[in-house]
Structures are given as structure tokens and as C-alpha cells.
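As a plain string of letters, each chain reads:
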Amino acid sequence: MNDPERPITQQKSQRVYWIFQLTGWGVITLGRFIGGVTVLELAWPRLLLELLLVNALGLALSHWLHDFVRRKGWRTLPIRKLAWRILVVSFVCGAPIGIVTQFTYLSALHDPELFLREYAPALQFRLALPLAFALEIVNWALVFVLWLTIYFTVIAVREHRSAQFKQSELARALQLAELRLLKSQLNPHFLFNALNTVRSLIADNPARAQDAVTRLAKTLRYTLRSPQDELVTLSQELEIVADYLELESMRFEDRLRIEHHVPDHAGGVQIPVMLLQTLVENAIKHGIAELPAGGLLRISAAVRNVTLTLEVENPRPPAPTRAAQEGVGLRNARDRLRLLFGERAGLELDLSKPGVATARLRIPVNP
């Protein structure tokens, strides 16, 4: 399959490359022009023409270098091998343009005659011309060394950012896969308990069993949608919890009593899908179901300091089992919170009160 974004990315990269090329050579041209006119007082029309011609040659050579190093795959070379290649190719490109420069007005910018006249007058006439050629070649070689250094630095930074982006995308893909795995462990557990409730009602009370099937259908629809949604509003989650609790009330009858204390402004806060239902199911399974007299299940919520605090409180046996303290449901709930919110969210099971268990959930209001 063709990637439509790839040509766009290549076009953008080429556009940026030419912007930097023209800007860089334009700065070199402007700098030498100002130096020649103000310091050496050279005639500006001829100086400008020669600068444009010579630097156009430099631009052409640097573009050839760009294609050459890409074809040869220099970007994958280690630093040491790359360094000496940069030096060699810079002098190869700097030599012809340095020689050409020596026959132009621009040679006055690097004239060694004054230096020789001051420090080695005896060698002035013998070394002036060779040293002038050498200075021009070295000067242009350094320009190409700088050009290649900037080029490979930009390439290294871009590849590093690309690797970081790919790593973050991979981490996110793994995170989503882990979330789906956690939810796949959670959903069958919930459905198994709900089906047991319906089965227990079929023989004893067919009419209530029919109502239970209707409510179970709603929970199934919600459960089947949950893989597409990571977050839902608290009010949406409370609706499915109400259906689940109605199913459980049919089974436990007077042994299960329910209280809700959820303010209206908390209903719009987003929470992980099926999370409250997991806490309620855990409270019934390991608390109320273990007590002959059952008990009161209390669900309360409050929003303080941009944090939603959600509590599910239930009676419990005097000595809670290990599964009640750290079962699959609570462990999965903590893992999902960690993946979705990091350290900003948390879930704790408070067993400090005798005969009472409180699952306390903290979620940021604006994740």
C-alpha cells in the first residue's frame, strides 16, 4: 500500500533543505560583500558579480555533496570513518573553487602579501602566490567542512527525534494492547456472574427472569462497546451499575441494600469504562455475599481540587480473604489506572474499619 504522507514529507524536507541552502550561501555572499566594500574598498559591481558566480559554484558543489553522501550511505558510518571522509571530500571540493577565486577580485580578501612583508620579507615574492592559493583552498575546504558538519548534525537530530517518536508510538501500541488484555480478563468475569443471576431466577420467578434478561441485554451492549471506549462519564457508568445491581438484587433480595450519594456535577467526569462496575462487583462478591445477613452497599462521589474521589463501601467478614484484598478485578483496575493516568490516579482498599471495606478511587477531572 502506498503511503500518501510520505511524498508530502519528502516535499517538505526538500523545501526546508533549499531554504537552508539559499540562506547559508546568501549569508556567505553578504558577509564577503560587506567586507570587500567597507574594509578593502573594492568596486562593488564587479565584487558582487564575482561573489554571485563563485558562491553559485559553491552552492552547486554543496548540492552535489548532498547527493553524493546520500548515495554512499555516509549517514550510517561511525564518527571516525565519517570525519576523515569529510576532510578529504571538503578539500576535493575546496580546491577548484579556491583556485578560481584566486583569479577574481575576491582574492584580496585573503591576500598573504601583507603578512609576508611584515614577518618574512625575504620570502615575499617566492611564497606569496603559492600561499595565496593555499589559503583560498583551505578557506573553501573549511566552508565545506562546516556545511557537512551542519548537514550530518541535522540528520542525526532528525533521526534521533524520529526514533523517539517511533518508540513512543510503540509504547502507546503496547499500552493499548495491555489495556485490551486487561479488559478482556474483566468482561468475561462480569458476564459470568450476571448469567448466574439469570439462571437462578429462571426456575423460581420467570417474570423477574425476563426482566433480568432485559437488563442483562443492556449490560451486554455496554460491555461489547467497551473495547472501543477507554473512558466514559461517571453518569454512563452509573447506569450500567444500576442494571447490574438490579440483577444482583433479584438474587440477594433483602440481603442487598443500596445507597447512592453522587452529586450532579460529578456525573460528567470521565472514568475508565467498566471500572466502577468492577468495584461494585468486588464489593458484593467478597463482602455482602459472604455475610448471611448481607448489608448496605454505599456508592459516593465528590469532586475536590480537580480530583474525583469515588468510594464503594460495603460490609465484610471479620477476616477478609486474600482474593478480597488483591483479586484479579482490583489488580486489573489499578493497572488500567496506571496506564491511563499514571501517578495522578490511584485505587486503594481501606480495611481499617472493623467489618467495613472501602474501595477509594482517585481520578483527575481533566486527564
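Here, every reference points to the structure presented above.
Below, the structure is looked at part by part. (Residues numbered from 1 in each chain as written. Predicted model: local features only at pLDDT ≥ 70, side-chain atom pairs only at ≥ 80, totals over all residues. Heavy atoms only, no water.)

Observations concerning the overall build of the protein chain
The secondary structure content of the protein chain amounts to 10 helices and 7 strands. Across the 367 residues that make up the protein chain, the buried fraction comes to 38%. Of the contacts made within the protein chain by residues no fewer than 6 positions apart, 75% connect residues no fewer than 24 positions apart. Summed over its atoms, the accessible surface of the protein chain is roughly 21400 Å², and 61% of this surface lies on carbon and sulfur atoms. (Helix = DSSP H or I, 4+ residues; strand = E, 2+ residues; numbered from the N terminus. Buried < 20%, exposed > 50% of the residue type's maximum accessible area, 1.4 Å probe, protein only. Contact = heavy atoms within 4.5 Å. Areas by Shrake-Rupley, 256 points an atom, 1.4 Å probe, with all protein chains shown as cover.)

Points about the side chain of Ser90
By secondary structure assignment, the location of Ser90 is in helix H3 (residues 79–102). We classify Ser90 as buried; its relative accessible area is 0%. For Ser90, the side chain forms a polar contact with the main-chain nitrogen of Val145, separated by 3.3 Å. Ignoring any residue separated from it by four or fewer positions in sequence, one finds Ser90 in contact with Ala141, Phe144, Val145 and Leu148. (Polar contact = N/O pair within 3.5 Å; in protein donor to acceptor, adjacent residues only side chain to side chain.)

Some details on the pattern of salt bridges
The tally for this structure, following the rule as stated, stands at 11 salt bridges. Here Asp243 and Arg215 are joined by a salt bridge, their closest N and O atoms 2.9 Å apart. With a gap of 28 residues between them, Asp243 in helix H7 (residues 234–252) and Arg215 in helix H6 (residues 206–225) connect regions that are remote in the sequence. A relative accessible area of 5% means that Asp243 is categorised as buried. Ionic pairing is found between Lys218 and Asp243, a salt bridge with its closest N-O pair at 3.3 Å. On the criterion of sequence distance, the pair formed by Lys218 in helix H6 and Asp243 in helix H7 is long-range, its members being 25 residues apart. Under the relative-accessibility criterion, Lys218 is labelled partly exposed at 40%. A network of salt bridges, in which partner residues are shared, links Asp211, Arg215, Lys218 and Asp243. (Salt bridge = Lys/Arg side-chain N within 4 Å of Asp/Glu carboxyl O.)

What to know about the sheet that holds strand S2 (residues 256–261)
Strand order in the open sheet made by the 5 strands is S2-S4-S5-S7-S6, with mixed pairing throughout. Pairing within the sheet leaves two strands with one partner each, and these edge strands are S2 and strand S6 (346–350). Averaged over all pairs of adjacent strands, the angle between their axes in this sheet comes to 10°, without regard to strand direction. On top of the sheet, H7 reaches S2, strand S4 (295–304) and strand S5 (307–315); it is set at about 165° to S2, its chief contact. Of the strands in this sheet, S2, S4, S5, S6 and strand S7 (356–364) touch helix H8 (residues 275–286), which is tilted by about 20° from S5. (Pairing = 2+ DSSP bridges. Axes fitted to C-alpha atoms, helices over the stretch in contact; angles between N-to-C directions.)

Looking at unusual backbone geometry
Of note, the phi angle at Glu253 is positive, near 55°, even though the residue is not glycine. Among the secondary structure elements, Glu253 is positioned in the loop between H7 and S2. Despite not being glycine, Met274 has its phi angle at roughly 70°, a positive value. Examined against the element boundaries, Met274 turns out to sit in the loop between strand S3 (270–272) and H8.

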